[in-house]
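Here are the chains, one letter per residue:
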Amino acid sequence: MRDAGALVAQTLDIVGKTITAGMTTSDIDKLVEDNILAAGATPAFKGYHGFPASACVSIDEQVVHGIPGSRKLQEGDIVSVDVGVILEGWYGDSASTFAVGEISESKQKLMDVTRDALFCGIEQVRDGVKLGVVSSAIQKYAESRGYSVVRDLVGHGIGRQMHEEPQVPNYGSPDKGPVLKTGMVIAIEPMINVGVHEVITKKDGWTIVTADEKPSAHFEHTVAVTDEGADILSLLRTEKPERVS
Ligand code: MG
Ligand code: MG
């Protein structure tokens, strides 16, 4: 799973270094797919319940599960790119939201708060801690800064399947949920909105958008539980864990 996570990280790193106005969301998908295949791995999303692509690419008010296509990225967009791989039977799953060129201060703040909310949750991960402590930390961080937390979609256990037990909500009471145990691996993935927390599924059956069409951001890491704390499997191998400010 460490190798699967590293491949997801390296793929998202390439996206971050390449993403630019004028690219289509299909161009992003091709970049992702080519990199996964070149590593001898399998794109986990392609064909998953019929999803037609290797990456989910979701712009601005699109929260997650955007289907890549002919839409061109524009200066000022924020773009969530979600990548899953299968490597030797093990899954890795991670997402980042990227800025296309110059973005507004409010979108930058949304991205920063969403990433920091993820790390607030990750900091709580440790053997013996209730999952609700993680969920609650994410919610408190985001809501105290005036943002809302998507309820209808959650993170998940991950391993031999992309989506395993338990569900990992980004909200809720700290005394809820199962107790984390060393060796468990979970994907934590807050989806944070500028406006209301409600979301709607578009007619394509996949794309999730905010009900008020205000922007949303999404960051995700695959995280192993250890006695000492979280071991983030989907960090770039050159990266040091980030500190939450
Ligand atoms: Mg994902
Ligand atoms: Mg996930």
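Residues numbered from 1 in each chain as written. Chains lettered and ligands numbered in written order. Predicted model: local features only at pLDDT ≥ 70, side-chain atom pairs only at ≥ 80, totals over all residues. Heavy atoms only, no water.

*Asks:* Even after reading the chapter, I still don't get the overall build of the protein chain, so can you show me in this structure?
*Replies:* Along the backbone of the protein chain there are four helices and 15 strands. Against the 2.2 N^0.38 benchmark of 18 Å for 245 residues, the protein chain shows a C-alpha radius of gyration of 17 Å, consistent with a compact globule. In terms of its C-alpha atoms, the protein chain occupies a principal-axis envelope of roughly 45 × 40 × 35 Å. For the protein chain, long-range pairs separated by at least 24 residues make up 68% of all intrachain contacts whose partners lie at least 6 apart in sequence. (Helix = DSSP H or I, 4+ residues; strand = E, 2+ residues; numbered from the N terminus. Rg over C-alpha atoms; globule rule 2.2 N^0.38 Å. Contact = heavy atoms within 4.5 Å.)

*Asks:* How should I be thinking about helix α3 (residues 105-124) in this particular structure?
*Replies:* Residues separated by three or four positions in an α-helix point in the same direction, a consequence of the helix having 3.6 residues per turn. End to end, α3 covers 29 Å across 20 residues, agreeing with the expected 28 Å (1.5 Å per residue, within 8%). For α3, every residue scored as buried is listed here: K107, L110, M111, V113, T114, D116, A117, L118, F119, C120, G121 and I122. (Expected span 1.5 Å × (residues − 1). Buried < 20%, exposed > 50% of the residue type's maximum accessible area, 1.4 Å probe, protein only.)

*Asks:* How should I be thinking about the pattern of salt bridges in this particular structure?
*Replies:* Once the charged atoms of two side chains with opposite charge are near each other, the side chains can pair. Going through the model one piece at a time under the given rule, you end up with seven salt bridges. D13 is paired through a salt bridge with K17; the nearest N and O atoms lie 2.8 Å apart. Taken together, the positions of D13 and K17, both in helix α1 (residues 2-18) and four residues apart, correspond to about one turn of that helix. Between E143 and R151 there is a salt bridge, with its nearest N and O atoms 3.7 Å apart. (Salt bridge = Lys/Arg side-chain N within 4 Å of Asp/Glu carboxyl O.)

*Asks:* Looking at this structure, how should I read the pairing of strand β2 (residues 55-59)?
*Replies:* Taken residue by residue, a regular strand's side chains alternate between the two faces of the sheet. In terms of burial, β2 is largely enclosed, as five of its five residues are buried. Where burial is concerned, the two faces of β2 agree: the one with A55, V57 and I59 and the one with C56 and S58 are both buried. Note that β2 and strand β4 (residues 78-87) share five bridges and pair antiparallel. Paired with V57 across the bridge in β4 is V81. (Pairing = 2+ DSSP bridges.)

*Asks:* Where do I start with the side chain of D93 in this structure?
*Replies:* With respect to the helices and strands, the residue D93 is situated in strand β5 (residues 90-99). In terms of polar contacts, D93 uses its side chain to reach the side chain of H156, at 2.9 Å. (Polar contact = N/O pair within 3.5 Å; in protein donor to acceptor, adjacent residues only side chain to side chain.)

*Asks:* Where do I start with the sheet that holds strand β15 (residues 230-232) in this structure?
*Replies:* Paired through backbone hydrogen bonds, the strands of a sheet run either parallel or antiparallel to each other. Reading across the sheet, the five strands line up as β8-β7-β9-β14-β15 and stay open at both edges, with antiparallel pairing between neighbours. The open sheet has two edge strands with one neighbour each: β8 (164-168) and β15. In this sheet, neighbouring strand axes are inclined to one another by 30° on average, regardless of whether the strands run parallel or antiparallel. Sheet topology places strand β14 (residues 221-225) next to β15; three bridges connect them, and they run antiparallel. Its bridge partner being in β15, V223 is matched across the sheet by I232. In the packing of α3 onto the sheet, the strands contacted are β9 (185-188), β14 and β15, and the crossing angle to β14 comes to about 10°. (Axes fitted to C-alpha atoms, helices over the stretch in contact; angles between N-to-C directions.)

*Asks:* What exactly am I supposed to notice about the coordination of the magnesium ion (ligand 2) here?
*Replies:* Put simply, the ideal angle at a metal is 109.5 degrees for four donors in tetrahedral geometry and 90 or 180 degrees for six donors in octahedral geometry. With distances of 2.1 to 2.3 Å, the protein atoms coordinating the magnesium ion (ligand 2) are D93 (OD), H156 (NE2), E189 (OE) and E220 (OE). In the primary sequence, the donor residues of the magnesium ion (ligand 2) line up as D-x62-H-x32-E-x30-E. The distance between the magnesium ion (ligand 2) and the magnesium ion (ligand 1) comes to 3.1 Å, and D93 binds to both of them. Taken as a pair, H156 in strand β7 (residues 155-157) and E189 in the loop between β9 and β10 (191-193) lie far apart in primary sequence, 33 residues in all. Exposure remark for H156: the relative accessible area of 4% places this residue in the buried category. E189 sits in the buried class, given a relative accessible area of 7%. (Donors = N, O, S within 2.8 Å, 3.2 Å for Na, K, Ca; no water.)

*Asks:* Would you mind going over the nonpolar core with me for this structure?
*Replies:* Proteins that are soluble and globular tend to have nonpolar side chains buried together. By size, the foremost hydrophobic cluster in this structure holds 29 residues, and its most contacted members are I122, V125, V134, L180 and I188. For this core, the secondary structure elements donating two or more residues are α3, α4 (131-144), β9 and β14. Ranked by size, the runner-up nonpolar core spans 22 residues in total, among them V57, I59, L73 and V81. (Core = buried A, V, L, I, M, F, W, Y, C linked by side-chain atoms within 4.5 Å.)

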